[in-house]
Structures are given as C-alpha cells and as structure tokens.
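Descriptive structure summary
Below are the chains, spelled out letter by letter.
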Amino acid sequence: MKKMIYLIVAMMMVMMVACNGTKKEKTDEFKWQTEQFADLRVLRYQIPGWDELTLKQKELVYYLSQAALCGRDITYNQNYKNNLLVRNTLEAIYKNYKGDRSTQDFSNFLTYLKRVWFSNGIHHHYSMDKFFPDIQTDYFTTLLMDVPPEQLPLKDGQTQEEFTEEITTIIFDPEVAPKRVSLDASTDMVEASACNFYEGVTQQEAEDFYAKKRSDDLKAGNNTRISYGLNSRLVKKEGEITEQVWKLNGMYHPAIEKILYWLEKAATVTETPEQKAALDKLIEFYETGDLVAFDDYSILWLNDQNSDIDFINGFIETYGDPLSMKATWESVVNFKDKKATERTIILAGNAQYFEDNSPVDPEFKKKEVKGVSAKVINVAQLGGDCDPTTPIGINLPNAEWIRKDHGSKSVTMENITYAYDQSSLGNGFLEEFAWSPEEIQRQREYGFLAGNLTTDMHECLGHAAGQLLPGTSPDAMKNYHSTLEEARADLFALYYIMDPKLMVLGLVPSMEVGKAEYDNYIRNGYLTQLVRIQPGKDVEESHMRDRKLIATWCYEKGKEKNIIELLERDGKTYIRINDYEGLRNLFGELLNKIQRIKSTGDYETGKELVETYAVKVDQELHNQMLKRYKKLNIAPYGGFINPVLTPVFQDDTLSDILVTYPDDFTGQMMTYSNEFSYLPARCKND
Ligand code: ZN
C-alpha cells in the first residue's frame, strides 16, 4: 500500500507566506536550488533544531544516517536488474574519460548520468517510463572506449566490444525494459514491468503462489495477517517457483550486513526503552527475514511515542510493484519539531470527532479510532527510494490489520516543504494559472498553512479513517487500490479543511484557508498537474490519478449548479470555484462513495470510477498547459542533496557532530557510489 503524499511541486511553488501570516523574505545566503536539468531540479534542505539535540541524540542520528546510505544499491537493483550495471558504467566514463568535456555531447551524457542518479535507475522516478540519453550510440561508444577495461563491469571472458553491445542495448533500445511499473490491467502487469521483483513468472503464477501460501498457512493454523511477499523476489527456476528473501545471508546480503552494522551501533545510544525494543526487532527482521518479526517491529515502532528521534529503514512501500506486494528499500531519519507538532497533536486528539462527523455511512466508520499519532518532523537524512526525491508526509505502517488494531504514525516533513517553498518564490507559476488577483492573494496569505494542514489531515486522519466490512479483503481493489486510497485520504482532508471546527480548535484564522486549499486543489487536479505528463500520455501515477479523479468528478457533478466553472481569457483556460460550500458537499459525497467501495471491496465500481475520471487526458487542454508552463522554465520535479554529518573527536572521544550543506549533486552522488556501494554491478540476484 502507498501511504506517501508526493508534493505537487508546482502547487507549493506559489506559497510565499508563513503560517503566522507574516511575509517570509527569501533567504539570500542559502542557495535552495543548485541546478536544473531535464524535468528535474536539485534542491537543498536545512536541519533546523540540530544544535538543540544532545550529543547522544546526534550520535544516534549519525548512526541511523549511515544505515540510510548503505541500502542505496538495493533500491537501484529492485527498480531494474541492470541499473547497477548502467550506473557503474556511466560513473566509470565520468571518472576516466580523457576527451573534451566541454562539448554539448558530453554535457548531454552528464545529464543522462544525473537523471539516472535522480531516479535510482534508468526509468523516470515518477512516470516510470524509460528515459534515454540525448546522444548517439556512436558517441557513447567513443566514451566507453576511453575507459580501461578493468574499470568496466565486464563479464568473465567478455571483450570490450561485446560489453559495449550489451550496455548500449540496455540503455538505448526502447524495446528493452520500457516501463518500470505497468498498471495496465489489460496486460500481464508482471511481465510488462521492468522492476526486479519477479523473474520468469507470470502475473497469474505470482498471484496463485501467494494465494496458495495463504491458504496453506490457514490450514496449518499459521499467522495469515503477514504482508505476503513483502521482502522477497519471486523466481521460477526449472519449473519451480521460489522466493529469494532479502535478509542477512540472503539476497542483498552485502548491503544488509552494512545496514545492520550501523543499526547495531544505533541500538547502543537509543533514547527510550521503546525505541530500543523497536530497533532490536528491526535488526531481528533483517537477520531472519521473518515477516511476523516485521509486523512485531511495526507495532513496537508505533509504541515508540516519546523519543525525539525517529526513523524508517527497510522494505516499506509497494509503489514499485504492479501487484503492490513487494516493497522497495528506503530510509528517512528525522527528529520531532516540537513547536509545529502542537498542530498535529490537536488534530490527533480530535480524531474521534472527525471520524464521527465525517459524511460517510455509519457502518463504514470506525467505532473507535485507535492511536492516531501525528507529528511534524525535520529530516536529517534521506536514503534509498526516498533519496533524492522524497515524500513530504508519511503514514505507516501499511499493514491494514495493524492500523486497525494499533493505529498508525503520521508525519509531516516540515523542513522539506519549507525548502520547496523557499526555492520557488516568485517563479510566476501562480500568476500564470490562477484566475483572479483575489485567488493569488488568498494563496499567498494562506497557502503554506493550508498545504501543511491538508497534509497533516491526509496522513493522520484520512488514511486512518473508515473500516472494511467483515470479510472484505484489503487487497480487493488490486491495481486501483493506491489511487482510491489516496483519494479517500485527500477527500477526508478536503472535507475538513473547510470545517468551522478548525477555527474552534484554533488551527486556522479564518475559512479563507480552506478556500485557498480548494482553489489550489481543483486548479492543480484539473489543470496544472498536466504539465508533469508527456504529450499524448495518460495519467498513471496514483497520486496524480487521485487528484484528477477528485477534480474531474466534482467538476462534472457540479456542472448543473455551476459549482466549478471553466473559463477562457486571451485563449487561455482557467478554472474557478463559484460555490465553496457546494464543493465541500461534493467532496463529502465522493468520500462516502469511495469509502463504500473500499469497505465492501466493490472492485468493479472502483475500476469504473478511476477509468472514467482519473486516466484520460484532454489533448487540447494538455497541449495548452504544456505551452504555458514551458514559458516559465520551471522543472516540475524536485529532489534533494543531503546535508553531511561529520563526527568530531577530541582525544578519541566523540565531542560533536557537525552539519554541512554541500551544493554539488554530482559530488554527493559520486561519494555515495564510492563509499556506500555494496552490491556488485552484476548483482547475481540470488
Ligand atoms: Zn497518502
């Protein structure tokens, strides 16, 4: 399941005013954006509050940050089996090429390398499509010929010419691995996806394998609530299907061994017994690969509420698998922003109110909302699938039964949203796409608060709300699951951002905050998010589908009453909300509909909803958006350079850990590849 909100970069670009309503000045001395290439821009984030941590806390963060870097190669290999081969080859060229580096061709080569780093592989991190270098294969061959053979990942007995043929095909052939994750339900999605979670098995075989495993476990009286397939690759060899488990002495052993080295050090400097218990259990999970241990760990992690430092490290999110079973490796190390957390404490403390008063049919509501905990954090290290591109909010664990029985932990990553905000001041986006000066003004005044509050509610209330009817499988929505789940969480947040209760709770100064969010959400869902899609393509990514579903459905349903209106001015299309209360009612209606679909496992209705409203793009409108956006010269996707943590010793005793903020993306990526690469270029995959 997918529980991460991705930032609509474009949406955040417009926010110029802090929560307290005072105008933020652009901080000149810190360079928030360092460079831009292809459709990507490289940003930096700061770690506010670092100096308030104790030395022991800093030490803990440091060990966890090292563990976060040790799994980087796993993510590459999971995304596609030849990613490490490609990365190592490109880096060998980067290190060894003696020819002219000032040419356009070499610059295009570098852009390709940077794109590979940015996406942890050869597929776009968001669209999942394979991307290509803007150079000829002949030129690529000359680059390769400059590299001493011993610097290249040649197979035994392979000549450099044979290697060149092999790697050129992998990189340049559009027929080879065209898509990392295919969600096209009319195909065999496992075979159509290049991700490295299945080898030699069809979708049907994979589904049958886990269905049988579950029924065998049921007969044997074993725990059947585990997340089947979460930490393994499914392989058919000589007619037999087996799992290659990612664990110590299993697949990815060399990287996992290093992760464990740092986690064990971290376990010596924990803040609380609860944190220690969780960390020890995570170590056990890495050692055994036992999915029951993983669930135990998730519960212990939930119980760790009093520590300031927190982290995610492991096989967590299943975006990368078309069957949403197998999890990609990721890590986020963070600590609590105590001041900002007051906001989420109020929300979480009123979780039952929000559940009881939601516009959902009573039978689908939780009688008792359990343990919704939420906090605002500052990130100190990103790793794996969360690096360089990161979510801005996370809600975990993903296992439905744990969420129901034990609750979930929800975080908003404030220093990341702040970095997006700062890096995008005054880029002209809002002025281009908003209909009126009032809308722009409202956005400037309340947008930052509205965005953060909506994220808080999406994560800590939205995902935690509602319940399945007895007997409904949590996997019933299959390939539509993520879109519908994200839509459900968004709708919950949208419904309540306009609730006067938020004023009573002191969370918003006026209902203008809700209006700002509505303007922004509809404008983005209907119009501006289209700028992130290639001409002629459908909407594929779950969060984008979710937003399109909501905006389009509400536009269509509200047509008769003119609740949302499309307008033209100087040949440009705009969208305007005429009736905010009416729109709120539509959000409520759709929330109820989607909750019903999920609660009853009504796959057909869910499918119809998504296919009708969330997928197809109006070509003419799309072209217009792309044209207007191009003029602004803004890259739609942001990713981050991590700060560097450096231990300082006095007479062999740790005296401090210093933070520096490097500004060279290439330098950081090369450092990571030199110092934290633990899997071979030709990962044997067993
Ligand atoms: Zn979500």
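Residues numbered from 1 in each chain as written. Predicted model: local features only at pLDDT ≥ 70, side-chain atom pairs only at ≥ 80, totals over all residues. Heavy atoms only, no water.

Once that is clear, we can look at the environment of glycine 582. Residue placement: glycine 582 occurs in helix α23 (residues 580–600). By relative accessible area, which is 11% here, glycine 582 ends up buried. (Helix = DSSP H or I, 4+ residues; strand = E, 2+ residues; numbered from the N terminus. Buried < 20%, exposed > 50% of the residue type's maximum accessible area, 1.4 Å probe, protein only.)

Taken as a whole and assessed by the stated rule, the structure comprises 39 salt bridges. With its nearest N and O atoms 3.6 Å apart, the salt bridge here joins lysine 179 to glutamate 540. Here lysine 179, found in the loop between α7 (160–172) and α8 (189–192), pairs with glutamate 540, found in the loop between α21 (512–527) and α22 (542–557); they are 361 residues apart in sequence, far enough to count as distant. Judged by relative accessible area, lysine 179 falls into the buried class, the value being 14%. The network of salt bridges with shared partners includes Asp129, Lys179, Lys537 and Glu540. (Salt bridge = Lys/Arg side-chain N within 4 Å of Asp/Glu carboxyl O.)

The next subject is the environment of asparagine 108. With respect to the element layout, asparagine 108 can be found in helix α5 (residues 104–119). Taking relative accessible area as the criterion, asparagine 108 reaches 15% and is therefore assigned buried. The contact partners of asparagine 108, leaving out residues within four places of it in the chain, are Asp134 and Ile135. A distance of 3.0 Å separates a polar atom in the side chain of asparagine 108 from the backbone oxygen of aspartate 134. (Contact = heavy atoms within 4.5 Å. Polar contact = N/O pair within 3.5 Å; in protein donor to acceptor, adjacent residues only side chain to side chain.)

Before going further, it helps to examine the coordination of the zinc ion. Ligation of the zinc ion by protein atoms is provided by His458 (NE2), His463 (NE2) and Glu486 (OE), these donors lying 2.0 to 2.1 Å from the ion. Along the chain, the residues donating to the zinc ion fall in the pattern H-x4-H-x22-E. Of the two residues, histidine 458 sits in helix α18 (residues 437–462) while glutamate 486 sits in helix α19 (residues 481–497), which places them 28 residues apart along the sequence. The pair histidine 458 / glutamate 486 is uniform in exposure class, with both members buried. (Donors = N, O, S within 2.8 Å, 3.2 Å for Na, K, Ca; no water.)

All of the buried residues along helix α24 (residues 603–613) are Gly606, Leu609, Val610 and Tyr613. Buried residues of α24, seen end-on, are gathered within an arc of 95 degrees and therefore sit on one face of the element. Of the exposed residues in α24, the ones pointing more than 90 degrees away from its buried face are Glu604 and Glu608. (Arc of directions from axis to C-beta.)

With that settled, consider the domain arrangement of the chain. By domain assignment, the chain separates into domain 1 (1–23 + 426–635) and domain 2 (74–174 + 649–675). Each of domain 1 and domain 2 was reduced to a C-alpha centroid, and the two centroids are 37 Å apart. (Domains from an automatic or database assignment.)

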